[in-house]
Amino acid sequence: MFTIIKEIAAKTTLAFALVTLLNMTPLAAQNANADTKTESIQYSRIVSAGGSITEIIYAFGLMPKVVAVDSSSLYPVSAKDLPQVGYFRNLGAEGLLSLSPDLVVTARGAGPSATLEQVKSTGVTVKQFEQSVYTLASWKNLVSQMGAFFEKQNEAKQLIDNVITAIDLSKRQRLYSHNKLNAIALLNSGQRGQTLAGKNTVADLLLSVAGINNLGAEFEGYKPFSAEMLAKAQVDIILVPQHNLESMGGIDGICSQVAIKLATKQGCHVHAMDPLLLLGFGSRLDQAIDQVIAQGNGVSKM
């Protein structure tokens, strides 16, 4: 009889334990999900270092959490009113930490690395996103990765869909034949020649998608292009970042350069662009491509 009583008690205890476990499961599952969520939901004081990164953060609706930006973060306009931490490649630990951030988010290449390590050592999260390959596919990947980190997957998908749709619309409005026109993206001029944007740059991506030849694409990155070589070329469009226009003497100053005059015998067509559109990799890629196509359309009508 005693053995039977023990078996009944054991079964009752087991049944009670199972019921208790089942009743706790929803809460346990909720806690488990909370543990696996991206930590970004905890961040309330973000420092964004990199114009493209700031643009995408803004597109995600996260600007209210941004307490400071770097000097390349020119868009949105409201970003200019925030405290600045210098240029994203030349950050200082003291300046960053004085803002009490819980997250410093940058483009890959920000630094110096010693500064970022020092910031990390205080318990601040430092998150870097790769920006070294400039293609539409890599841009989509950047936006998707940032969306995942900030738990803004829906916003990331919407941004990608909107930008690609707008690019396709702009391409359908081209009035010129593919690769009929030649262009250069001119950063500055000096004794060594004109510094142009080569392949694997944002400017090259814009021109490629627009169906316009980039005469600087024979080299990678940003390098001087000899005046002699430029003078032998036929340049239909010259793209320049707006912030460098004045230092090059304005449009008249650019067009009066001997090499430019020889390369633009059909007409000197200079278009100054928002530097983040011409050189950045942010949320307005469609706007940048639309501007380039519009310049091509304008030249083709002449």
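We now turn to the structure provided with this report. Numbering of residues starts from 1 in each chain and follows the order in which that chain's sequence is written. Owing to the predicted nature of the model, reporting of local features is limited to residues with pLDDT of at least 70; listing and counting of side-chain atom pairs is limited to 80 or more, with chain, interface and lining totals taken over all residues. Computation of side-chain values covers all heavy atoms of the structure but excludes hydrogens and water.

### Brief notes about the overall build of the protein
If you tally the helices and strands in the protein, you get 13 helices and ten strands. Each residue gets one of three labels from its accessible area relative to the maximum for its type: buried under 20%, exposed over 50%, partly exposed in between, using a 1.4 Å probe on protein chains only. Across the 302 residues of the protein, 45% fall into the buried class. Partitioning the contacts of the protein with sequence separation of at least 6, the portion at a separation of at least 24 is 60%. Numbering of helices and strands starts at the N terminus; helices are DSSP runs of H or I of at least 4 residues and strands are runs of E of at least 2. By definition in these notes, contact holds between two residues if any of their heavy atoms fall within 4.5 Å.

### Regarding the sheet that holds strand β4 (residues 125-129)
The pairing criterion for strands is at least two bridges between them, as found by DSSP. Spatially, the four strands line up as an open sheet ordered β2-β1-β3-β4, and their pairing is parallel. A strand with exactly one partner marks an edge of an open sheet, and here the two such strands are β2 (66-69) and β4. The sheet shows a mean angle of 20° between the axes of neighbouring strands, taken without regard to direction. As judged from the four bridges shared by strand β1 (residues 46-49) and strand β3 (residues 103-107), these two strands associate in the parallel manner. Bridge assignment links valine 47 to a residue of β3, and that residue is valine 104. Where helix α2 (residues 51-59) meets the sheet, it contacts β1, β2, β3 and β4, and its direction lies at approximately 120° from that of β3. To define axes, lines are fitted to C-alpha atoms, for helices over the stretch in contact only, and angles between the resulting N-to-C directions are given on a 0 to 180 degree scale.

### Notes on the layout of surface pockets
Counted as a void, the largest pocket has a volume near 630 Å³. Throughout, the protein atoms alone are placed on a 1 Å grid, and a set of points is a cavity if a 1.4 Å probe fits but cannot get out or a pocket if it is open with protein on both sides within 12 Å along at least five of seven lines; lining residues have an atom within 4 Å of a point. Contributing to the lining of the largest pocket are 26 residues, with Tyr87, Phe88, Arg89, Leu279 and Gly280 lying nearest its centre. Those elements that place two or more of their residues in the lining of the largest pocket are α2, α9 (242-245) and α12 (275-278). Examining the composition of the lining of the largest pocket, we find that three residues originate from one element, α2, more than from any other. Here the lining of the largest pocket is composed, by residue class, of 13 nonpolar, eleven polar and two charged. If you go around the second largest pocket, the residues you meet are Tyr176, Lys180, Leu181, Gln234, Val235, Asp236, Gln266, Gly267, His269, Val299, Ser300 and Met302. Grid points are joined across faces, edges and corners, and a volume is the space filled by probe spheres set on the points. Gly falls in the polar group here, along with every residue not listed as nonpolar (Ala, Val, Leu, Ile, Met, Phe, Trp, Tyr, Cys, Pro) or charged (Asp, Glu, Lys, Arg).

### A word on the environment of threonine 135
By the element assignment, threonine 135 lies in the loop between β4 and α5 (136-149). Once the C-alpha coordinates of threonine 135 and valine 202 are considered, the two residues, 67 residues apart in sequence, prove to be 8.0 Å apart. Among residues more than four places away in sequence, those in contact with threonine 135 are Leu205 and Phe281.

### Describing the state of the cysteines
The term disulfide is used for any two cysteine sulfur atoms that are within 2.5 Å. The final tally for this structure, using the stated rule, is one disulfide. There is a disulfide in this structure between cysteine 255 and cysteine 268, and the S-S distance comes to 2.1 Å. Judged by the torsion about the S-S bond (-85°), the cysteine 255/cysteine 268 disulfide is left-handed. A residue pair is termed long-range when its members are at least 10 positions apart, and cysteine 255 in helix α10 (residues 250-255) and cysteine 268 in the loop between α11 (258-263) and β10 (270-273) qualify at 13 residues.

### Concerning the nonpolar core
Within the largest apolar cluster, 69 residues are counted, with the highest numbers of intra-cluster contacts made by Ile57, Phe60, Met146, Phe150, Leu206 and Ile212. Top element by residues in this core is helix α7 (residues 202-210). It accounts for seven residues. Counting 18 residues, the second-largest nonpolar core is a separate cluster that includes Ile184, Leu230, Ile254 and Cys255. Put simply, a nonpolar core is a bunch of buried Ala, Val, Leu, Ile, Met, Phe, Trp, Tyr and Cys residues held in one set by side-chain atoms that sit within 4.5 Å of each other.

### Some remarks on α7
Burial of α7 is extensive: eight of the nine residues sit out of reach of the surface. Taken residue by residue, α7 has Val202, Ala203, Asp204, Leu205, Leu206, Leu207, Val209 and Ala210 as its buried positions.

### Notes on the side chain of asparagine 244
If you trace the backbone, asparagine 244 turns up in helix α9. At 2.9 Å, the side chain of asparagine 244 and the backbone oxygen of leucine 187 are in polar contact. As used in this structure description, the phrase polar contact means that two N or O atoms lie within 3.5 Å; if the pair is within protein, one of them must be able to donate a hydrogen and the other to accept it, and residues adjacent in sequence are counted only when both atoms belong to side chains.

### Thoughts on the pattern of salt bridges
For salt bridges, the criterion is a side-chain nitrogen of Lys or Arg within 4 Å of an Asp or Glu carboxyl oxygen. In the structure shown here, the tally under the stated rule is six salt bridges. Put simply, glutamate 55 and arginine 284 hold a salt bridge, and the shortest N to O gap is 2.8 Å. Taken together, the positions of glutamate 55 in helix α2 and arginine 284 in the loop between α12 and α13 (285-300) put the pair 229 residues apart, joining distant regions of the chain. The class for glutamate 55 is buried, based on a relative accessible area of 2%. Salt-bridge contacts for aspartate 274 lead to arginine 284; the nearest nitrogen and oxygen are separated by 3.1 Å. You can see aspartate 274 sitting in the loop between β10 and α12 and its partner arginine 284 sitting in the loop between α12 and α13, a full ten residues away along the chain. Its relative accessible area of 8% is what places arginine 284 among the buried residues. Each member of the salt-bridge network shares a partner with another, and the members are Glu55, Asp274 and Arg284.

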